[in-house]
Amino acid sequence: HLATSLPLPSERDHLRPRIDLIAFMIDIKSKYSLKNVEASLDHVDASFFLGKVCFLVTGVGRVNNCSVDMNAIWKLGEVYCSPVLFCELELEGIRVATAQRLLRMLQICAGHIPGVSALSFGSLMRNSADD
Amino acid sequence: QESAYPQRTAFLLRKQWTLYSVTPLYRFSNAHLRDYARLLSAFIAAEKQKGLAVEIGVELDIKVAVSSLPDLKGSDRDQAAILVQLSLRSPASPKNSEEKLIWSGWFCCVSGDDLSDNVPEDFTCLPLFLANGAESYTSIVGSWFQKTFDCCFRRLALSPLNLSWMAAMWTGCKVDKTASAMELVFSVPCLPHPLDISYAIHPEDAKALWDTVQKTPGEITQEEVDVFMDCLYSHFHRHFKIHLSATKLVKVSTAIASAHCDGIIKFLQSQYLTGVLMLLTELAISQIQ
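Keep in mind that this is a model prediction, so the values were computed, not measured. (Residues numbered from 1 in each chain as written. Chains lettered and ligands numbered in written order. Predicted model: local features only at pLDDT ≥ 70, side-chain atom pairs only at ≥ 80, totals over all residues. Heavy atoms only, no water.)

Asker: Tell me about the interface of chain A and chain B, residues and numbers included.
Answerer: Facing the 12 residues of chain A at the interface are 13 residues of chain B. Both sides of the chain A and chain B interface together cover about 1100 Å² of buried area, and 52% of this is carbon and sulfur. Contact with chain B buries surface across chain A, with Lys31(A), Tyr32(A) and Asn64(A) losing the most and accounting together for 48% of the total. Between chain A and chain B we count 3 salt bridges in total. In this structure, Lys35(A) engages Asp230(B) in a salt bridge whose closest nitrogen and oxygen atoms are separated by 3.1 Å. Where chain A touches chain B, the interface holds 6 residue pairs in polar contact (both at pLDDT 80 or more). Considered class by class, the residues forming the side of chain A that touches chain B number 4 nonpolar, 4 polar and 4 charged. (Contact = heavy atoms within 4.5 Å. Buried area = accessible area lost by both parts, 1.4 Å probe. Salt bridge = Lys/Arg side-chain N within 4 Å of Asp/Glu carboxyl O. Polar contact = N/O pair within 3.5 Å; in protein donor to acceptor, adjacent residues only side chain to side chain. Nonpolar A, V, L, I, M, F, W, Y, C, P; charged D, E, K, R; others polar.)

Asker: Requested: an account of the layout of surface pockets, with residues and values cited.
Answerer: Empty space among the atoms becomes visible once a probe the size of a water molecule is rolled across them. Each pocket or cavity is described by its volume, and for the largest pocket that value is around 1500 Å³. What lines the largest pocket is a set of 47 residues, among which Leu2(A), Ala3(A), Ala23(A), Phe24(A) and Met25(A) lie closest to the centre. Where the lining of the largest pocket is concerned, the elements lending two or more residues are β1 (22-27), α1 (31-41) and α3 (92-109) of chain A together with β9 (182-188) of chain B. The dominant element in the lining of the largest pocket, judged by the number of residues it contributes, is α3(A), at 6 residues. Its residues assigned to classes, the lining of the largest pocket shows 27 nonpolar, 12 polar and 8 charged. Space inside the second largest pocket adds up to approximately 960 Å³. As for the second largest pocket, its lining consists of 36 residues, of which Asn162(B), Trp165(B), Met169(B), Leu279(B) and Glu282(B) are closest to the centre. Among the elements of the structure, α5 (160-171) and α8 (273-288) of chain B are those that each provide at least two residues to the lining of the second largest pocket. (1 Å grid on protein atoms, 1.4 Å probe; cavity = no way out; pocket = protein on both sides within 12 Å on 5 of 7 lines; lining within 4 Å. Points joined across faces, edges and corners; volume = space filled by probe spheres on them. Helix = DSSP H or I, 4+ residues; strand = E, 2+ residues; numbered from the N terminus.)

If you want it as structure tokens, here you go:
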């Protein structure tokens, strides 16, 4: 399900299936997209941040079009304990690889992979320097 | 930082310079500038013979001058800037000393310790190159330097992030009376026809805004730049219902200087010349590393 921002319209709440993973997309060329994601994060229930949220940063192929400070993105990942993935949508190979990664994450979040839960993403997130 | 000899660098002002980053030059020496001028002159003549010259059929006598600009540096550890000038000697009256400057290029390094500290002895660090004049001459001069000193030139592009830093930094600079308006130009993506939005702000209003944002004079943080730009964007949104933050900032013009994302700069105040060069040197060094 694609949405331009959160919260999702309440009229369709009863028709909506369970949400297993939220991928927030940030376009590095648009400061607006970062602001939009930050505002949308406020509408997400805290339980999602146990491995069911990730940030997908797009447009990273061209560093000269960068309108967003990378530190702000890293900070977002840290504050919300969620992984930050990078991709360049314009390149098919990367697009496909990223989609596969997201699908894998989704399978884990939906409980389809025995022995691995979304909570493991949190432990993978911990900075090795902190240990 | 005020330049001690503003007159000597005045000729650099109000010209459009295209920016390049240059990797360290191998076995370059300040003592051999005249020799370099001679060799470069011969190279240009040879290129003309090969038919790679700018104009065909006209007998062009191009004079090359290579000189040092000792005032253009940040600290004593920086290399003095090197200026290369191509002038046209009028063929009609060779005795006539009147020469027309057709191309200028200069290498400089302002506070480039990050690079010069990490480079072996035989290398000279002049990471920033600025060119004004026909692209064909830039290409010929660039090729000669690349071949002679084993260095590499790359166009230095300025990202919207870099440009917003410049907008904030330059707004904070004190300028006398008639300061020109600050202008920001944005390019709107994903439209069938290209659209540019120009946002002009009264310099005093811009400075007043920046003064409320900046906490420590002389220091700027990314946060402060973000707040400054966000204020400008929300003001624009309030009036025009357009989110400038979703567009690409492509040009910044202030009384100090103007910069374009394609890597083009124009210096307007000699007082702040070294300051701007310091920022550009830093960007050139990041591109090299």
